[in-house]
Amino acid sequence: MRLPTHLPVGSPIIGEVIAEINSIHKKTRTSAISPGGGTTAISSESEYEKLQLDTLVDVLSLRDPTPHASKEMRGLISDISEALLTVTTTEAIEEATKAKTVPVKINLHRPNSWEAWLNTIVSTTVVVNLISAGISVDNYPDSICWVFIESMCTLVLVAEVFIKWF
């Protein structure tokens, strides 16, 4: 039995898996650690009605939980155990893709020589615009010089848009 990749909420297989993990835990552990640090016997069946984190960790800490599972659920428990014990991203990706390699074509865009020059001019224009805006706040903010510099920077940026557009 294989675990489907998508299960609807309330799927009966989830209940079966939880019951099987609880059953494995019950078979392999005869006592539980109490909050005080000692061990106490598991007292009732109601403790196994839900899957608790410590139960899942106990079952996953077994070297191989599949021999303790019912025959019908061994494959599913094995798959779940392997999936949850996958340690690295690489292992998870290999498991998900079944280690199939897919060639990836990387297409790096290398700008033409004119485009590289244009990018340099635009970058310089942005830096000049930032510096002039910072200086104009403190030194002669009403000067026509700042308006001229701002206009030239705007002209260069608009020209870049039209050049790259066409």
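Right, let's walk through the structure included here. Predicted model only: the values in this text are computed from it and were never measured. (Residues numbered from 1 in each chain as written. Predicted model: local features only at pLDDT ≥ 70, side-chain atom pairs only at ≥ 80, totals over all residues. Heavy atoms only, no water.)

1. A short note on the overall build of the protein chain
Which entries qualify depends on this criterion: Elements are defined by DSSP. Helices are runs of H or I of four residues or more, strands are runs of E of two residues or more, and each kind is numbered from the N terminus. We call two residues contacting when some pair of their heavy atoms lies within 4.5 Å. Where accessible areas are quoted, they stem from the Shrake-Rupley method and a 1.4 Å probe; at the residue level, only the protein chains shown are allowed to cover.
Helices and strands together make up the secondary structure of the protein chain, namely 6 helices and 2 strands. Taken from the N to the C terminus, the helices and strands of the protein chain come in the order α-β-β-α-α-α-α-α. Considering only intrachain contacts with a sequence separation of at least 6, the fraction spanning at least 24 residues in the protein chain is 60%. Just so you have it, the protein chain exposes about 12800 Å², and 63% of that area is on carbon and sulfur atoms.

2. A look at the packing of helix H5 (residues 113–138) against helix H6 (residues 144–165)
This is how the line gets drawn: Only C-alpha atoms enter the line fits that serve as axes; for helices the fit covers just the stretch in contact. Angles between N-to-C directions range over 0 to 180 degrees. Small angles under 35 degrees read as roughly parallel and large ones over 145 as roughly antiparallel, with 65 to 115 read as roughly perpendicular and the rest as oblique. With the far helix as reference, a near helix turned anticlockwise by less than a right angle produces a left-handed crossing, and one turned clockwise produces a right-handed crossing. Nonpolar residues are Ala, Val, Leu, Ile, Met, Phe, Trp, Tyr, Cys and Pro. Charged residues are Asp, Glu, Lys and Arg, and all others, Gly as well, are polar.
It is at 10 Å that the axes of H5 and H6 come closest, and there the two elements cross at 155 degrees. Relative to H6, H5 is oriented roughly antiparallel. Considering only the axes of H5 and H6, their crossing is left-handed. Residues belonging to the contact of H5 with H6 are distributed by class as follows: 13 nonpolar, 5 polar and 4 charged.

3. A few points about the nonpolar core
Most often, soluble globular proteins keep nonpolar side chains buried together rather than apart. Test applied: To form a nonpolar core, buried Ala, Val, Leu, Ile, Met, Phe, Trp, Tyr and Cys residues must be joined to one another through side-chain atoms within 4.5 Å. Relative accessibility under 20% of the residue-type maximum defines a buried residue, over 50% an exposed one, and the middle range a partly exposed one, all with a 1.4 Å probe and only protein chains included.
The biggest cluster of nonpolar side chains holds 13 residues, and the ones touching the most others in it are Val17, Ile21, Ile24, Met73, Leu76 and Ile77. Those elements that place two or more of their residues in this core are helix H1 (12–28), helix H2 (53–60) and helix H3 (74–84). In terms of residue count, the dominant contributor to this core is H1 (4 residues).

4. Notes on a nonpolar patch on the surface
Selection rule: Patches here are clusters of residues that have more than 30% relative accessible area and form no salt bridge, with a 9 Å joining cutoff for like charges and a 5 Å cutoff for nonpolar side chains (Val, Leu, Ile, Met, Phe, Trp, Tyr). What counts as a salt bridge is simple: a side-chain nitrogen of Lys or Arg found within 4 Å of a carboxyl oxygen of Asp or Glu.
On the surface, a cluster of nonpolar side chains totalling about 610 Å² of accessible area is made up of Val158, Val161, Phe162, Trp165 and Phe166. With respect to the helices and strands, the residue tryptophan 165 is situated in helix H6.

5. Re empty space enclosed by the protein
Definition in use: A cavity, in this analysis, means grid points on a 1 Å lattice covering only the protein atoms where a 1.4 Å probe fits yet has no way out; a pocket is instead an open set bounded by protein on both sides within 12 Å along at least five of seven lines, and a residue lines either one if it has an atom within 4 Å of a point. Grid points are joined across faces, edges and corners, and a volume is the space filled by probe spheres set on the points.
Across all of its chains, the model carries 1 cavity of 30 Å³ or more by this definition. Within the lining of the largest cavity, the residues separate by chemical class into 6 nonpolar, 1 polar and no charged.

6. Re H3
Using the following cut-off: Each direction from the helix axis to a C-beta atom contributes to the arc, which is the arc of those directions.
Considered for burial, the residues of H3 that qualify are Leu76, Ile77, Ile80 and Ser81. Along the axis of H3, the buried residues cluster in a sector spanning 130 degrees; they form a single face.

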